[in-house]
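# Observations on chain architecture
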Number of protein chains: 2
Amino acid sequence: MAEPDDRLQPIPETVAETSGYELESVEHEVMEALAAGDLPRARALIEPLHYADLADLLQHLPADDRRVLVQLLGDDLDPDMLSELDESIRDDIIEQLGLAQVAAAVAELDTDDAVDFIEELDEEEQRQLLEAMPESDRALIEQALAFPEDSAGRLMQREVVRIPAFWDVGQTVDYLRQNADREEEVLPEIFYVIFVVDPHHRPVGQVSLSRLLRTRRTVKIADIMETDMKVIAAATDQEEVAFLFRQRDLVSAPVVDEAGRLVGAITIDDVVDVIHEENEEDLMRMGGVSEDDLYSAAVDTAKSRFTWLFVNLCTAIIASLVIGLFESTIEQVVALAVLMPIVASMGGNAGTQTLTVAVRALATRELSSTNALRVIGKEVLVGSFNGVIFAVITALVAWLWFGNTEIALIIGAAMVANLVIAAFAGSTIPILLERLGVDPAIASTVFLTTVTDVVGFLAFLGLAAWFLL
Amino acid sequence: MAEPDDRLQPIPETVAETSGYELESVEHEVMEALAAGDLPRARALIEPLHYADLADLLQHLPADDRRVLVQLLGDDLDPDMLSELDESIRDDIIEQLGLAQVAAAVAELDTDDAVDFIEELDEEEQRQLLEAMPESDRALIEQALAFPEDSAGRLMQREVVRIPAFWDVGQTVDYLRQNADREEEVLPEIFYVIFVVDPHHRPVGQVSLSRLLRTRRTVKIADIMETDMKVIAAATDQEEVAFLFRQRDLVSAPVVDEAGRLVGAITIDDVVDVIHEENEEDLMRMGGVSEDDLYSAAVDTAKSRFTWLFVNLCTAIIASLVIGLFESTIEQVVALAVLMPIVASMGGNAGTQTLTVAVRALATRELSSTNALRVIGKEVLVGSFNGVIFAVITALVAWLWFGNTEIALIIGAAMVANLVIAAFAGSTIPILLERLGVDPAIASTVFLTTVTDVVGFLAFLGLAAWFLL
């Protein structure tokens, strides 16, 4: 009802105004400015960008344009931008800037972000970079790097707020206010919970800041702390950490060393990237791609994809060997050669459906030893249903095409057999691989295709050799 | 140095103690107890479980065991558990409990969790459930349901803390403490930031609780608030929201209505599930599975997978039609029938690698109109490299096998052609589909396989017909 009295007050931009399309138009303008040699304009265009947008832009640009922009930015390069970059682009920029400048930038990052950045470098680069960094930062980062790769110790923030249980709310708030004024940074920049530790530095509870803020100064911390929390060992794998955060809807969890002492904290924002990475890894592996290689050089990408293709070539040759057994049959009834890929291909597709569900369910732990047999049984049933339906359809197609009832019946029978076997193999292979400690996302597809190709060709051509000749 | 004076104080469990294996052993024990008819023991086993673990356990058990457990739990059923369940299991449990009991449970949830639960029901169930709920909860939930599905409005928490910019830290803290004592819940249970609004309820800034706690009481909110924040329109798609949180490392963002007024807040823990869902959806779609169907009945699963298989059957038939063109060629040189699946299969696999990278890069917006041509060019180059290498290997295999130089040269040439085309198709198809507004994760594979099969058979058999006969 009131008249607007703040019309000139700037309102923060809303998302609709800054969608991906806007970044794309900025990209095109930057490329135009660079093509025209108008460096001041290019600089003016990129200056207002958020560091994450700038990282995206640098990745999208051709290498030459990127180098010009990095040159332009010079010392103004936001250190946070560096940790948003993909590996190959980052290496390129580090090379251009030189280690000294990169070290200065990395020193400005929080320890967890700095570790995130440094752990991706090779050992020699790590050593050089750490040497170029200030003493105090180096020690913290070296401690973090001492934890195994992809562990909670690497993921955690080392700066945490820890207080004893016998304090009251007032003491806690005063402690926070006092330390905020001190020169050296004792408290983390942003935190959501305060950890309560016993005299041995072991976490015994936590207090969320919203709880602390809503409680009167005289109340004891021991009375408002939550004790029902998950404590994470520093050596825990990050995948396990991500699972826990997601399953329990955690926002923050204390990390302890082997003696159970609080050494850091993991917060949900660190875990988001892990969840994303782990999902991406699974998707890539199922597609036969070992790593995210959008930005690496064509030769490197070709090399990294070679192994997968070579393994698949061996699979294809095995399938061909099976066909080779029936050369004389095919010579007499060429229709078999025309129809045989249908059986193999349908088996592969049906098996992949089952495989995808099984690999996913293993990753999210929805598939366990308790229900494995039931899941396999259900998949075989699904395979039988669709096997029969597609047998009828395919037999009809074959009969209309070649007018041969026997071939129609044979392809129908082979279809049922292959779809049932595909369902069995698609659900069993990932479970077995997981038991053997092999990542089911990587290896399952090869085994599955071998099975569905061999069974597909063998059933169809074998039945044909038996009945037709 | 101090002597342990708290040896008997319970230490919270660490993750190592509660890995997936422990839940599995509980599951086996529960199943044994149920099989032995020992209901008190089954109840004792599940009582201490976290609601998320209980949800997992219920999903892993056979339907009969699950119903017995739900019966056992009765009124003690944790409402939070309900929102952790998969669709088919949840429907089953709702049916067993009856709407009245479910409504009472849902009313205890936070609005965002309640909305999360209710939106999955069909319209009639929604109506009945809402009618069975207390008036005040119903209104809040109905408001949320008025926003489009998968929008920021559905995702957000409606309870937010909002203060004017002219307050100081002391006033803010007092406000929080006073409201904490009030009967009705004005403040959210847990929150991480406080939003600063202008007289029109438009967000102008935010203050993180850690900042608030570290600042003296006399400091003005206007002096410590961050104004550089992302404001999200309530109609924004959740995928866009997830992208933004991940790209910008956000922890909390205000949501506004069309007039720009603050109507709620989205926090990172809500977004974690969205990120997970979106990733899962992509993975499933690329595997030809329309939905997560681990728990649905075999008939339903078979039906849901039929469409994908049918589309693939059509693709396979097209490939067979191509082979059919060369029946007489195959009749004369049966070796062609033996070798032809190798060319098609390698094209399919190489194309899938490219496709996976492209689909992923589109989803994460690393692939944009700025770099699309460069990515396609690079993929074609990768296809050429591997095409030549695999042409040599395959030609060698064919020559050793059939001792025929011409066939060896022909399969080599066909391999190069198919791998180059596969790379081109694998990168172009998803980009085109995205431009057309079709989800590239769903449809790309079908188009790709059609291309690689047709080109594979056509190139190999065509060259053979040309040169051999």
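Remember, predicted model here, so these are calculated numbers, not experimental data.

### What to know about the pattern of salt bridges
- Applying the stated rule across the entire model yields 36 salt bridges over all chains.
- A salt bridge links E280(A) to R360(B), with the nearest nitrogen and oxygen atoms 2.9 Å apart. Placement of the pair is E280(A) in helix α16 (residues 268–286) and R360(B) in helix α19 (residues 335–363), with the two residues belonging to separate chains. Each member of the pair E280(A) and R360(B) is classed as buried.
- With a shortest N-O distance of 2.6 Å, E119(B) and R154(B) are connected by a salt bridge.

### Considerations on the interface of chain A and chain B
- At the junction of the two partners, chain A supplies 154 residues and chain B supplies 155 residues.
- When chain A packs against chain B, close to 13400 Å² is buried across both sides, 62% of that on carbon and sulfur atoms.
- For the pair chain A and chain B, the number of links is six salt bridges.
- Ionic pairing is found between D53(B) and R248(A), a salt bridge with its closest N-O pair at 2.3 Å.
- Here chain A and chain B share 56 residue pairs in polar contact (both at pLDDT 80 or more) between them.

### A look at the sheet that holds strand β2 (residues 193–197) of chain A
All names here are of chain A.
- Strand order across the open sheet formed by three strands is β1-β2-β3, with mixed pairing between neighbours. The open sheet has two free edges, formed respectively by β1 (162–164) and β3 (203–208), since each of these has just one partner strand. On average, each strand axis in the sheet is inclined to that of its neighbour by 35°, with strand direction left out of account.
- Relative to β2, β1 runs parallel, the two sharing three bridges. Bridge pairing links P164 to V197 in β2.

### Side note on helix α22 (residues 440–468) of chain A
- Counted at 1.5 Å a residue, the expected span for α22(A) with its 29 residues is 42 Å, and the 40 Å between its end C-alpha atoms agrees.
- With a side-chain oxygen positioned 2.8 Å from the backbone nitrogen of A441(A), the residue opening α22(A) is D439(A).

### A short note on the packing of helix α19 (residues 335–363) of chain A against helix α21 (residues 405–435) of chain A
All names here are of chain A.
- Interhelical geometry of α19 versus α21 gives an angle of 30° and a closest axis separation of 8 Å. Taken together, the axes of α19 and α21 lie roughly parallel to each other. For the crossing formed where α19 meets α21, the hand is right-handed.
- Split by residue class, the contact of α19 with α21 holds 20 nonpolar, six polar and one charged.

### Observations regarding the packing of aromatic side chains
Residues and elements named next belong to chain A.
- Inspection of every chain in the model, using the stated rule, returns nine aromatic pairs over all chains.
- Plain terms: the ring middles of F306 and F310 are 5.8 Å apart, the flat faces sit at 20° to each other, and that makes the pair stacked. Of this pair, F306 and F310 both sit in helix α17 (residues 298–324), four residues apart, which is roughly one turn of the helix.
- For F306, a relative accessible area of 27% puts it in the partly exposed group.

### Re the confidence of the model for chain A
- Mean pLDDT over chain A works out to 87, with 93% of the residues at or above the 70 mark.
- Across residues 1–9 of chain A the pLDDT falls below 50, and counting only partners more than four positions away or on other chains, this stretch makes ten contacts in the model.

### Notes on the relation of the copies chain A and chain B
- Once chain A has been moved 0.0 Å along the axis and rotated by 180°, it coincides with chain B to within an RMSD of 0.1 Å. Between the two chains, the operation in question is that of a two-fold axis.
- Same-surface contact between copies: 100% of interface residues of chain A are shared with the interface of chain B.

### Quick look at the nonpolar core
- Ranked by size, the top nonpolar core spans 72 residues in total, and within it F460(A) and F460(B) carry the most contacts.
- Contact partners of F460(A), with chain neighbours within four places excluded, come to L336(A), L339(A), M340(A), V343(A), I410(A), I411(A), A414(A) and V455(A).

### A short note on the domain arrangement of chain A
- Splitting chain A by domain gives domain 1 (20–147), domain 2 (162–284) and domain 3 (298–468).
- If you average the C-alpha positions of domain 1 of chain A and of domain 3 of chain A, the two centres end up 47 Å apart.

### A few points about the side chain of D282(A)
- You can see D282(A) is positioned in helix α16.
- A residue is classified by how much of its surface remains accessible, and D282(A), at 13% relative accessible area, is buried.
- Among residues more than four places away in sequence, those in contact with D282(A) are R360(A), A363(A), A441(A) and L283(B).

Definitions and cut-offs
Residues numbered from 1 in each chain as written. Chains lettered and ligands numbered in written order. Predicted model: local features only at pLDDT ≥ 70, side-chain atom pairs only at ≥ 80, totals over all residues. Heavy atoms only, no water. Salt bridge = Lys/Arg side-chain N within 4 Å of Asp/Glu carboxyl O. Helix = DSSP H or I, 4+ residues; strand = E, 2+ residues; numbered from the N terminus. Buried < 20%, exposed > 50% of the residue type's maximum accessible area, 1.4 Å probe, protein only. Contact = heavy atoms within 4.5 Å. Buried area = accessible area lost by both parts, 1.4 Å probe. Polar contact = N/O pair within 3.5 Å; in protein donor to acceptor, adjacent residues only side chain to side chain. Pairing = 2+ DSSP bridges. Axes fitted to C-alpha atoms, helices over the stretch in contact; angles between N-to-C directions. Expected span 1.5 Å × (residues − 1). Parallel < 35°, antiparallel > 145°, perpendicular 65-115°, else oblique. Left-handed = near helix turned anticlockwise from the far one by under 90°. Nonpolar A, V, L, I, M, F, W, Y, C, P; charged D, E, K, R; others polar. Phe/Tyr/Trp six-rings, centres within 6.5 Å; stacked < 30°, edge-to-face > 60°. pLDDT = per-residue confidence, 0-100. Least-squares fit on C-alpha atoms with pLDDT ≥ 70 in both. Core = buried A, V, L, I, M, F, W, Y, C linked by side-chain atoms within 4.5 Å. Domains from an automatic or database assignment.

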